[in-house]
Number of protein chains: 2
Amino acid sequence: MSVTVVGSIAFDTVATPFGSRERMLGGSAVHFALAASFFGEVRVVGPVGEDFTDEHRDVLRRRGVIGEDIERVAGGRTFFWRGHYDYDLNTAHTDETQLGVFGAFEPKLSAESRACEVLFLANIQPSLQRAVAAQCERARFVALDSMNYWIETAREELWDTIARVDCLLLNDAELRMLTGEASLVRAARALMGRGPSAIVAKRGEYGAALFTPEGFFALPAFPLESVVDPTGAGDSFAGGFVGSIAAHEGANQGEITHAVLARAMAYGTALASFNVEEFGTDRVARLESEEIVERVEELQRMTRFLEEPVPLRA
Amino acid sequence: MSVTVVGSIAFDTVATPFGSRERMLGGSAVHFALAASFFGEVRVVGPVGEDFTDEHRDVLRRRGVIGEDIERVAGGRTFFWRGHYDYDLNTAHTDETQLGVFGAFEPKLSAESRACEVLFLANIQPSLQRAVAAQCERARFVALDSMNYWIETAREELWDTIARVDCLLLNDAELRMLTGEASLVRAARALMGRGPSAIVAKRGEYGAALFTPEGFFALPAFPLESVVDPTGAGDSFAGGFVGSIAAHEGANQGEITHAVLARAMAYGTALASFNVEEFGTDRVARLESEEIVERVEELQRMTRFLEEPVPLRA
């Protein structure tokens, strides 16, 4: 089953306590697509400038990602982000942003991209997200990412867009900011009342939680000795999460139940954990599918406990 | 199997966004003992002043907690804490502390308290904790709580005490502060090299994680619509955690394996979740054991995912 992602393609300059790297290939659509590529066909829609070369395109191509809708803007520069992390790797500090071709981006989807059955709207302007969703009429599962910036500056458009998707992914603070609810349970319920039937709360080093009308599910982040570069972790999570839902759909023509979404959280968690082990796309670009299988199995073991109860007294 | 806890008995004045209450019964030993009382016999060792009345003693008595080693100091005042929480309920802000009789506390254990097989050293001066541990020679499982204050002011004594216990419970930031490791995996390994065979990382609204030589386990906090008063959540967690280990021991004379500790995390999580639903000890004091069983079963459902993998492509 085909997945389309619309989002940024970027060059990232990143410094962490473990080193620094210049102008690495990055961006939400790239991190998502590489992660989702393990589950089936992925098409990327996004703009690049003349500084985007075949070498960059090959990173995606080697993972089978279809880049026909990567729009190369003549005379333009690719979106650039420079940031750093201190020892608290949960918080990215932005030092410089150059929108470049991303500033005037208007998504243009080919017939093949429009024909996707699963759509991921990475973090871009909410009304652009809505326009893309409207074009993908066959999509059976549409997931949306956003951020505090859009909650502050395009709140109404964001709510309008949320009303049209099946699943919303945000971090805890953004879910609270968007709904004005201190309780995440209430925030999720408020959002489910407005359209989506699944809310994913991203929690950085603490993992992720899922709310659906059927209930609650949560997983810790996969424990790692060292996190080298958290950039793109959220989009890699989304790639594993959405990708595994597409693979389930393709294999079984099945319903996207709470159980399917919960399992998808494990694939998201696994992909995010690989992403942060090295700078940029390095780790996921050379990942093997057996490694994903192993890590998901390890997550099973790390979250299971004895069913036999201990004796209680009144 | 008998559990002894040594720690504070307190009066707490607490304000949260949901209300405020004055001079409620609290303290680490009290919250621990009430939670652990569902699993077997619990003895409390700690000092109180003349302001501690039969009414307070009855809260413990009704849950079957043995208060013979609660030392009433003539002319003294019970430890008093006043604090508040803002919308971020993970952070307690201390407004006033009056040590009272707790300032000169020297634990005196009766023969029965010393004969415990499971010992919980709640958050007090590390050398007092060590002295208590030395008296409880029969204890098969000793767990220790501490805090940033002791890491800063009594670091060497704390390390000495840690070397003598089986299990250490701290929050993530304290584990990092104590070991100087940014990675929690490395922090836990460093600590396991110094004595304890189990490290519990307490994570507030994000739940808790367990590290043992056999591996990693984590559980989310139980999702609640409203958290009214987080005071004592960590000690209630410890009460459920340590209490369930004692019950397992008593029932099975079994080894305290990784699997037993992982299940204990679920009981700790359940008890902590009840604690925070109301002010002070109100909720746990009237809790029924069936409610604990139900919540642990719900935690099973909230953390389990389909074993059947999705198909991956190379």
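This is a predicted model, so every value here is computed, not measured.

So, on to helix α12 (residues 289-303) of chain A. If you check α12(A), its first and last C-alpha atoms are 22 Å apart, about what 15 residues at 1.5 Å a residue would give, namely 21 Å. Among all positions in α12(A), only A:Ser289, A:Ile292, A:Arg295, A:Val296, A:Leu299, A:Gln300, A:Met302 and A:Thr303 are buried. Residues of α12(A) that are buried sit in contact with β13 (215-219) and α10 (258-275) of chain A together with β13 (215-219) and α12 (289-303) of chain B.

Residue and element names in this part refer to chain A. Where strand β2 (residues 10-16) meets strand β6 (residues 79-84), 6 bridges bridge the pair, whose relative direction is parallel. If you follow Asp12 over to β6, its bridge partner there is Trp81. Bridge count between β6 and strand β7 (residues 93-98): 5 bridges; the pairing is antiparallel. Of the residues in β7, the one forming a bridge with Gly83 is Thr94.

For the coordinates displayed, the defined rule picks out 17 aromatic pairs over all chains. Ring centres 4.4 Å apart and planes at 10 degrees place the aromatic pair A:Phe32 and A:Phe120 in the stacked group. Here A:Phe32, found in helix α1 (residues 28-36), pairs with A:Phe120, found in strand β8 (residues 118-121); they are 88 residues apart in sequence, far enough to count as distant. Residue A:Phe32 is classed as buried on the basis of its relative accessible area, which comes to 0%. Taking the centre distance of 5.5 Å and the plane angle of 85 degrees together, the rings of A:Phe39 and A:Tyr267 count as edge-to-face. With A:Phe39 in the loop between α1 and β4 (42-48) and A:Tyr267 in helix α10, the pair connects residues that are 228 residues apart, well separated along the chain. Taking relative accessible area as the criterion, A:Phe39 reaches 8% and is therefore assigned buried. Here the basic side chain of B:Arg295 rests over the ring of B:Phe222, its NZ or CZ set 4.4 Å away from the ring centre.

For the rest of this paragraph, the subject is the interface of chain B and chain A. At the interface, 57 residues of chain B touch 57 residues of chain A. Between chain B and chain A, roughly 5100 Å² of surface is buried when both sides are summed, and carbon and sulfur atoms account for 57% of that area. Linking chain B to chain A there are 8 salt bridges. Across the pair B:Arg176 and A:Glu205 runs a salt bridge, and its minimum N-O distance is 2.8 Å.

Okay, the sheet that holds strand β5 (residues 70-72) of chain B next. All names here are of chain B. Sheet architecture is open: 9 strands sit in the order β5-β4-β1-β8-β9-β10-β11-β12-β13, paired in mixed fashion. The open sheet has two edge strands, β5 and β13, and neither has a second partner. Within the sheet, the average angular offset between the axes of one strand and its neighbour, ignoring direction, is 15 degrees. Where strand β11 (residues 198-202) and strand β12 (residues 208-212) come together, 4 bridges link them in antiparallel fashion.

The rules behind the values
- One numbering rule holds for all chains: residues counted from 1, following each sequence as written.
- Throughout, the order in which chains and ligands are written sets their labels, letters from A for the former and numbers from 1 for the latter.
- Where totals are concerned, whole chains, interfaces and linings use all residues; where local detail is concerned, this predicted model gives features only for residues with pLDDT of at least 70, and gives and counts side-chain atom pairs only at 80 or more.
- The basis for every side-chain value is the complete set of heavy atoms in the structure, and neither hydrogens nor water enter the calculation.
- In this description a helix means any DSSP run of H or I spanning at least four residues, a strand means any run of E spanning at least two, and both kinds are numbered starting from the N terminus.
- Expected helix span is taken as 1.5 Å per residue step, with the number of steps being one fewer than the number of residues.
- When accessible area is computed with a 1.4 Å probe and restricted to protein chains, residues below 20% of their type maximum are described as buried, those above 50% as exposed, and intermediate ones as partly exposed.
- Any two residues whose heavy atoms approach within 4.5 Å are treated as being in contact.
- At least two DSSP bridges between two strands are needed for those strands to be called paired.
- Between 30 and 60 degrees the pair is tilted, below 30 it is stacked and above 60 it is edge-to-face, where a pair is any two Phe, Tyr or Trp rings, Trp via its six-membered ring, whose centres lie within 6.5 Å.
- The criterion for a charge sitting over a ring is simple: Lys NZ or Arg CZ within 6 Å of the ring centre, and within 35 degrees of the ring normal.
- In short, buried area is how much 1.4 Å probe accessible area vanishes from two parts on joining, totalled over both.
- Think of a salt bridge as a Lys or Arg side-chain nitrogen and an Asp or Glu carboxyl oxygen that are within 4 Å of each other.
- Angles shown run from 0 to 180 degrees and are taken between the N-to-C directions of axes, each axis being a line fitted to C-alpha atoms and, for helices, limited to the stretch in contact.

None of this, on its own, says anything about what the molecule does.
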